[in-house]
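Understanding the architecture of this molecule
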Amino acid sequence: MPKAIVIIPTYNEALAITAAIEALIPVIESVHNWQVGILIVDDTSPDKTYEVVEKLQKKHSQLHLLLNQNKAGLGAAYLKGMDYAFNTLHAEVVFEFDADLSHDPTKIPGLLAKIDEGYDLVLASRYIPGGGIPENWGLHRKFLSVVGNLAIRVILANFSVSDWTGGYRAITKRVYESVLPELSSERFSGYTFQIGFLHTAIRHGFKVAEVPFYFKDRTVGKSKLGPEYIKNNLLYLLRVRAQEIMNMRIVKFAVVGGGSAMLQLVALSILRVLFTPWQDSLWLGFITPFSLATFIAIELAVITNFILSNLWTFADRKLKVGEIPGKFLQFNLASAGSILIQLVLAFTTEKLFGLRPLFVLPVLNKVIDTGIVFAVLGILIGMFWNFFAYSRIVWRKKA
Ligand SMILES: Nc1nc2c(ncn2[C@@H]2O[C@H](COP(=O)(O)OP(=O)(O)O)[C@@H](O)[C@H]2O)c(=O)[nH]1
Ligand SMILES: [Mg+2]
């Protein structure tokens with residue numbers, strides 16, 4: 001029979017732990033297709049929670065105790081507990097569970113049923129129909145919990161999960177092994193562990209289910225959740241989200257495009273000055289220092305853009321050395337295509353709508369006319385074309 005372990009991290013829970021264990025035992029004994037045990041991870045609580053557990057162990061053979069010398073935070077306790085549950089007790093699934101009985105133990109069979117259905121990670125959720133938070137919570141606490149969870153979904157732009165901060169979950173070994181390398185750092189030792197764990201699991205593509213439950217306020221002991229909680233989680237969310245956004249191809253494309261355009265302008269202003277001394281000796285009629293400088297500056301920007309696109313924006317489709325000459329030619333043609341689009345657009349819009357002043361830009365005191373609007377439109381369409389040409393032609397995904 002496969003094994004599941006309910007992990008309960010404890011710190012000063014001597015008053016609460018007995019009730020939690022006694023409530024869990026009949027539930028886990030009622031499960032017939034899993035062998036369910038309990039693992040208490042205590043950080044040598046000053047109130048001697050572990051002594052209470054040791055006494056209960058004499059009565060319940062399925063009760064395990066892992067005693068840490070130091071208090072290192074909730075995340076650290078869970079990581080140690082999971083390592084022990086999966087690798088020493090040979091569990092296939094672990095539960096996260098609070099000592100204070102905020103988590104209704106009778107939901108455990110329902111969570112396991114979802115694992116049996118093939119889900120990798122199952123959350124007991126307060127924010128789906130059938131679930132809820134305590135009626136008697138003060139307005140500010142309700143607000144914090146509801147708005148906090150909504151804010152997380154907005155920041156991460158992920159609405160597939162409703163309860164991000166809950167601490168009642170069933171986790172399979174495959175999820176644990178997959179997220180472990182990213183969660184071993186100091187940063188996840190505290191309460192950031194919960195959001196970090198879930199977010200990493202979702203990013204790795206695991207199937208997540210939610211089962212509703214009513215969160216009950218703790219009746220004994222007190223919450224260890226401090227003011228650090230909001231700050232640490234917010235910092236984590238903003239950092240990973242910024243990283244995710246920077247990893248989006250379209251953003252890299254825009255950064256490389258903008259950087260190349262800047263380079264082009266800088267090169268142009270340097271080169272036109274550099275070429276001026278030869279003004280009279282070299283230039284035949286229409287080739288002026290400015291036009292030559294423009295040409296070289298454009299090509300410099302195109303080369304830079306090509307190299308950065310290959311190394312960064314399309315790093316996952318990096319070109320082979322032998323492909324580079326042909327692809328570089330394609331890249332130049334694509335860029336020329338974008339310029340052509342802009343020229344054609346400028347020509348036709350002027351013919352169709354004419355150049356008329358629209359309004360005066362405040363502060364800068366600059367008149368904005370239809371020409372500028374058409375130019376901006378042209379740049380946007382040109383960028384769209386470039387992105388299309390790069391991703392579908394130059395760096396086409398190989399089948
Ligand atoms: N081992 C260990 N357990 C902790 C630590 N911090 C909190 N816990 C336990 O984690 C669970 C959740 O903490 P709790 O104070 O109930 O947080 P809340 O439910 O969010 O108010 C409880 O069982 C705590 O005893 C810690 O640093 N080490
Ligand atoms: Mg609690």
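Above this note sits the structure.
As a starting point, this report considers the structure included with it. (Residues numbered from 1 in each chain as written. Chains lettered and ligands numbered in written order. Predicted model: local features only at pLDDT ≥ 70, side-chain atom pairs only at ≥ 80, totals over all residues. Heavy atoms only, no water.)

What the chain contains, in helices and strands, is 13 helices and nine strands. Since a compact globule built from 399 residues should have a radius of gyration of about 21 Å, the 31 Å found for the chain marks it as more spread out than a globular shape. Counting only C-alpha atoms and orienting by the principal axes, one finds that the chain spans roughly 100 × 50 × 40 Å. Scored against the burial criterion, the 399 residues of the chain give a buried share of 42%. For the chain, the share of sequence-separated contacts (at least 6 apart) that also reach a separation of at least 24 residues comes to 76%. Counting only carbon and sulfur atoms, one obtains 66% of the accessible surface of the chain, whose full area is about 21,500 Å². Distance from the positive charge centre (40 side chains) to the negative charge centre (32 side chains) of the chain: 7 Å. (Helix = DSSP H or I, 4+ residues; strand = E, 2+ residues; numbered from the N terminus. Rg over C-alpha atoms; globule rule 2.2 N^0.38 Å. Buried < 20%, exposed > 50% of the residue type's maximum accessible area, 1.4 Å probe, protein only. Contact = heavy atoms within 4.5 Å. Areas by Shrake-Rupley, 256 points an atom, 1.4 Å probe, with all protein chains shown as cover. Lys, Arg positive; Asp, Glu negative; His and termini not counted. Charge placed at Lys NZ, Arg CZ, Asp CG, Glu CD.)

Where burial is concerned, most of strand β1 (residues 3–10) is hidden: seven out of the eight residues are buried. Pairing of β1 with strand β2 (residues 35–42), which is carried by eight bridges, proceeds in the parallel orientation. Note that in β2 the partner of Ile8 across the bridge is Ile40. (Pairing = 2+ DSSP bridges.)

What follows is about the site of ligand 1. If you check the shell around ligand 1, you find 18 residues, and the closest are Glu13, Lys71, Arg218, Ser223 and Lys224. Measuring from an oxygen atom of ligand 1, one finds a backbone N or O atom of Ala99 at 3.0 Å. In the model, an oxygen atom of ligand 1 is placed 2.9 Å from a nitrogen or oxygen of the Asp100 side chain. When the free accessible area of ligand 1 is taken as 570 Å², the share hidden by the protein chains comes to 94%. (Near = heavy atom within 4 Å. Polar contact = N/O pair within 3.5 Å; in protein donor to acceptor, adjacent residues only side chain to side chain.)

Another aspect to go through is the environment of Tyr214. Here Tyr214 is to be found in the loop between β7 (208–212) and α8 (228–246). When the C-alpha positions of Tyr214 and Pro277 are compared, they lie 81 Å apart, and in sequence the two are 63 residues distant. In this structure, Tyr214 is in contact with Ser102, Gly130, Gly131, Gly132 and Ile133, ignoring residues within four places of it in sequence.

The subject of this paragraph is the packing of aromatic side chains. Taken as a whole, this structure holds 20 aromatic pairs when the rule is applied. Members of the aromatic cluster, joined through ring pairs, are Phe253, Phe306, Phe314, Phe328, Phe331, Phe387, Tyr390 and Trp395. One Lys or Arg, Lys71, reaches over the ring of Tyr11 and ends 4.4 Å from the middle of that ring. Above the face of the Phe215 ring, Arg126 is positioned so that its terminal group lies 5.5 Å from the ring centre. (Phe/Tyr/Trp six-rings, centres within 6.5 Å; stacked < 30°, edge-to-face > 60°. Lys NZ or Arg CZ within 6 Å of the ring centre and 35° of its normal.)

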